[in-house]
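Working through the structure, step by step
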Amino acid sequence: MGQVLDGNQMREASCTEELRAIRDALDILGGKWKLMILRYLANRESQEIHFKKMEREIQGISAKVLTKELRDLELNLLVARQPSEDPVKVFYKITAYGKSVFPVTESLVSWGLEYREKVKQELAVLAK
């Protein structure tokens, strides 16, 4: 169970508090693209990443959706928008707060890889 600060003391969160926390996290991180954008920026932290580069390299995302998702992530303090001297380019960086999501994406990557392998194995057994 999770922990919550109650006055000056930590206590175990109730089921309702945990479900509310999950809902809040999904409201901020939910959807098809937000976690992928955060992971993309985290993996390229030492690079200057501009909008067009992200649009090209994150396969399947449209400019309209990328714009919306970046605005949402910026509003929630997970991504910082950095205008450049070139008025056409805007750079994006993951913030320290955005990096706090990294363990979540790590867990999802691990689970996704395990799940994909499990499905492949199950399909191979069924094909026999």
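Residues numbered from 1 in each chain as written. Predicted model: local features only at pLDDT ≥ 70, side-chain atom pairs only at ≥ 80, totals over all residues. Heavy atoms only, no water.

**Structural notes on the overall build of the protein**
- Within the protein, the secondary structure is distributed over 6 helices and 5 strands.
- Written out in order from the N terminus, the α and β elements of the protein read β-β-α-α-β-α-α-β-β-α-α.
- Each of the three principal axes of the protein carries a C-alpha extent, and together these read 60 × 50 × 25 Å.
- With 128 residues in all, the protein has 25% of them scored as buried.
- Sequence-distant contacts in the protein: of pairs separated by 6 or more residues, those separated by 24 or more amount to 42%.
- Carbon and sulfur atoms form 56% of the exposed surface of the protein, whose accessible area is close to 9,400 Å².
- Mean positive and mean negative side-chain charge positions of the protein (21 and 19 charges, respectively) differ by 6 Å. (Helix = DSSP H or I, 4+ residues; strand = E, 2+ residues; numbered from the N terminus. Buried < 20%, exposed > 50% of the residue type's maximum accessible area, 1.4 Å probe, protein only. Contact = heavy atoms within 4.5 Å. Areas by Shrake-Rupley, 256 points an atom, 1.4 Å probe, with all protein chains shown as cover. Lys, Arg positive; Asp, Glu negative; His and termini not counted. Charge placed at Lys NZ, Arg CZ, Asp CG, Glu CD.)

**Re the nonpolar core**
- Ranked by internal contacts, the top residues of the largest apolar core, which has 21 residues, are Ile-37, Leu-38, Leu-41, Met-54, Leu-70 and Tyr-92.
- Looking at this core, the elements with two or more residues in it are helix 2 (34-43), helix 3 (51-57), helix 4 (63-75) and strand 5 (90-94).
- Considering each element in turn, this core owes the most residues, 5 residues, to helix 2.
- Residues in contact with Ile-37, not counting those within four places in the same chain, are Met-54, Ile-58, Ile-61, Leu-66, Glu-69, Leu-70 and Leu-73. (Core = buried A, V, L, I, M, F, W, Y, C linked by side-chain atoms within 4.5 Å.)

**Here's the deal with the UniProt feature "domain: HTH hxlR-type" (unreviewed entry) in the protein**
- Under the UniProt annotation, "domain: HTH hxlR-type" (unreviewed entry) lies at residues 15-120.
- Taken end to end, residues 15-120 has its terminal C-alpha atoms 35 Å apart, with 64% of it in helix and 11% in strand. (UniProt positions renumbered as here; feature names shortened; annotations may be inferred.)

**With respect to empty space enclosed by the protein**
- Summed over all chains, the structure comprises 1 cavity of 30 Å³ or more.
- Around the largest cavity, the lining residues are Leu-38, Arg-39, Ala-42, Ile-94, Gly-98, Lys-99, Val-101, Phe-102 and Thr-105.
- Listed by contribution, the elements that provide at least two residues to the lining of the largest cavity are helix 2, helix 5 (96-99) and helix 6 (102-127).
- Tallying contributions element by element places helix 2 first for the lining of the largest cavity, with 3 residues.
- Looking at side-chain class alone, the lining of the largest cavity contains 5 nonpolar, 2 polar and 2 charged residues. (1 Å grid on protein atoms, 1.4 Å probe; cavity = no way out; pocket = protein on both sides within 12 Å on 5 of 7 lines; lining within 4 Å. Points joined across faces, edges and corners; volume = space filled by probe spheres on them. Nonpolar A, V, L, I, M, F, W, Y, C, P; charged D, E, K, R; others polar.)

**Some remarks on the side chain of Arg-39**
- In this structure, Arg-39 sits in helix 2.
- Looking at Arg-39, its side chain comes within polar contact range of the side chain of Thr-105, at 3.1 Å.
- Other than its neighbours up to four places away in sequence, Arg-39 contacts Phe-102, Thr-105, Glu-106 and Val-109. (Polar contact = N/O pair within 3.5 Å; in protein donor to acceptor, adjacent residues only side chain to side chain.)

**Some thoughts on the pattern of salt bridges**
- All told, the structure shown has 10 salt bridges when counted by the stated rule.
- Asp-6 is paired through a salt bridge with Arg-11; the nearest N and O atoms lie 2.8 Å apart.
- The class for Asp-6 is partly exposed, based on a relative accessible area of 45%.
- For the salt bridge of Lys-120 with Glu-117, the shortest nitrogen-to-oxygen distance reads 3.6 Å. Taken together, the residues Lys-120 and Glu-117, both in helix 6 and 3 residues apart, mark about one turn of the helix.
- For Glu-117, a relative accessible area of 37% puts it in the partly exposed group. (Salt bridge = Lys/Arg side-chain N within 4 Å of Asp/Glu carboxyl O.)

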